[in-house]
Amino acid sequence: MDSYTVIQLGNPLLRMVSEPISEDLFGSEKLKKMESILFKILEEKQGLGLAAPQIAINKRAIVFGMKQHPIYTDLAPIPFTVLFNPSFEPLSDVIEEGYEGCLSVGQLRGKVPRYKTIGYRGYDANGNLIEREVSDLHARVVQHEFDHLDGVIFLDKVTDHSSLGFHEELIRSGALPSKKAD
Ligand code: NI
């Protein structure tokens, strides 16, 4: 079994622009394997999303999904999705700030402005088009993962630097809710 680790901030691979998946790879074992590795690591690390460059694969591929949010349990689940060659566009000018973290950035969190509602598209491993219009956390995750494909980390987009903090401290100060539900 191959072993993959999630590379961490400071590794120059996280800053590269990833290459598109060539069309003749759709339907291949290679893409199916990439998809299963990404989902496996997403599950292992209990992340919301993961981009291929985070495991040193310089290709335009992302996975994301969530059964139930650990804190905001009434949030709509996000279907577990792989997108090869993803793209998105905002569907309105409304921008919202929300806390983000990243499997490549340890326990640091910060508020990032993102489009509230987007339309996104991409392909599954067989080359089938996936197209959705989404809002809120679902839209946020896709924008975060998409940025990785262009070498952009959420920290680059934190405009209110005073929002930056380590997860535990932000919980202690009340800026972020505790994992334990009230
Ligand atoms: Ni990330």
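Our subject is the structure that appears above.
Keep in mind it's a predicted model, so treat the numbers as computed, not measured.

Chemist: Where do I start with the overall build of the protein chain in this structure?
Modeler: Helices and strands together make up the secondary structure of the protein chain, namely three helices and eight strands. Going from the N terminus to the C terminus, the protein chain shows its helices and strands as α-β-β-β-β-β-β-β-α-β-α. Over its C-alpha trace the protein chain gives a radius of gyration of 16 Å, about what one expects of a compact globule, namely 16 Å for 182 residues. The principal-axis extents of the C-alpha atoms in the protein chain amount to approximately 50 × 35 × 30 Å. Residues counted as buried form 41% of the 182 residues belonging to the protein chain. The contacts of the protein chain with a sequence gap of at least 6 include a subset with a gap of at least 24, amounting to 65%.

Chemist: Would you mind going over the coordination of the nickel ion with me for this structure?
Modeler: The expected angle between donors at a tetrahedral four-coordinate metal is 109.5 degrees. At an octahedral six-coordinate metal it is 90 or 180 degrees. Summarising the metal site, the nickel ion is bound by the protein donors Cys102 (SG), His144 (NE2) and His148 (NE2), whose distances to it range over 2.1 to 2.2 Å. Here the donor residues of the nickel ion share one chain and are spaced in sequence as C-x41-H-x3-H. Linking Cys102 in the loop between strand S4 (95-100) and strand S5 (108-115) with His144 in helix H2 (residues 136-149), this pair joins segments that are 42 residues apart in sequence.

Chemist: Mind showing me how you'd approach the nonpolar core here?
Modeler: As a rule of thumb, nonpolar side chains are buried together in soluble globular proteins. Counting residues in each nonpolar core, the largest one holds 18 residues, and the members touching the most others are Leu31, Met34, Leu38, Leu50, Ile55 and Phe84. Contributions of two or more residues to this core are made by helix H1 (29-44), strand S2 (61-66) and strand S3 (78-90). If one sorts the elements of this core by residue count, H1 sits on top with six residues. Residues contacting Leu38, with those up to four places away along its chain left out, are Leu50, Ala51, Ala52, Ile55, Ala61 and Val63.

Chemist: Would you mind showing me how to read the sheet that holds strand S6 (residues 117-123) here?
Modeler: Sheets are built from strands that pair by backbone hydrogen bonding, the pairs being arranged parallel or antiparallel. The strand order across the open sheet formed by five strands is S1-S2-S3-S6-S7, and the pairing between neighbours is antiparallel. Looking at strand neighbours, the two that pair on one side only are strand S1 (49-51) and strand S7 (129-135), the edges of this open sheet. Across the sheet, the mean angle separating the axes of adjacent strands is 35 degrees when strand polarity is ignored.

Chemist: So what exactly am I meant to see when it comes to the environment of Met16 here?
Modeler: If you trace the backbone, Met16 turns up in the segment before H1. With 89 residues separating them along the chain, Met16 and Val105 place their C-alpha atoms 16 Å apart. Setting aside anything within four residues of it in sequence, one finds Met16 in contact with Asn58, His148, Leu149, Asp150 and Gly151.

Chemist: Hey, could you run me through the packing of aromatic side chains in this one?
Modeler: This structure, assessed with the given rule, holds four aromatic pairs. Both rings, one in Phe88 and one in Phe146, keep their centres 5.2 Å apart while their planes meet at 90 degrees; by these two values the pair is edge-to-face. With a gap of 58 residues between them, Phe88 in strand S3 and Phe146 in helix H2 connect regions that are remote in the sequence. The ring of Phe146 has Arg60 sitting right over it, with the charged end atom 5.7 Å from the ring centre.

Chemist: Whenever I open this one, the pairing of S2 confuses me. Can you help?
Modeler: Side-chain direction in a regular strand flips from residue to residue, so the side chains alternate between the two faces of the sheet. Counting buried positions along S2 yields six of six residues, so the element is predominantly enclosed. A two-sided burial pattern is seen for S2, the buried positions comprising Ala61, Val63 and Gly65 on one face and Ile62, Phe64 and Met66 on the other. Alignment of S1 against S2, held across three bridges, turns out to be antiparallel. Bridged to Gly49 within S2 is Phe64. As defined by bridge partners, S2 adjoins S3 across five bridges and the pair is classed as antiparallel. The partner of Ala61 across the bridge, within S3, is Phe84.

Calculation notes
- As a convention, each chain's residues are numbered from 1 in the sequence order in which they are written.
- In keeping with the model being predicted, local features are shown solely for residues with a pLDDT of at least 70 and side-chain atom pairs are shown and tallied solely at 80 or more, while totals for entire chains, interfaces and linings include all residues.
- Heavy atoms from the whole structure form the basis of all side-chain values; hydrogens and water molecules are not counted.
- Note on conventions: DSSP H or I runs of at least 4 residues are helices, E runs of at least 2 residues are strands, and numbering of each starts at the N terminus.
- For the radius of gyration, the atoms used are the C-alpha atoms, and the globule rule reads 2.2 Å times the number of residues raised to 0.38.
- The buried label applies to any residue whose accessible area, calculated with a 1.4 Å probe on protein chains only, is under 20% of its type's maximum; exposed applies above 50%, and partly exposed to all values in between.
- Here, residues are in contact when the closest pair of their heavy atoms is within 4.5 Å.
- Listed donor atoms are N, O and S within 2.8 Å of the metal (Na, K and Ca: 3.2 Å). As water is not included, a site may look incomplete.
- Only buried Ala, Val, Leu, Ile, Met, Phe, Trp, Tyr and Cys residues count toward a nonpolar core, and they belong to the same one when joined by side-chain atoms within 4.5 Å.
- Strand pairing is defined by DSSP finding a minimum of two bridges between the two strands.
- The convention used is that axes are lines fitted to C-alpha atoms, helices contributing only their stretch in contact, and that angles between N-to-C directions extend from 0 to 180 degrees.
- Stacked, edge-to-face and tilted labels apply to pairs of Phe, Tyr and Trp rings (six-membered ring for Trp) whose centres lie within 6.5 Å, assigned for plane angles under 30 degrees, over 60, and everything in between, in that order.
- For a ring to carry a charge above it, either NZ of a lysine or CZ of an arginine must fall within 6 Å of the ring centroid while also lying within 35 degrees of the normal to the ring plane.

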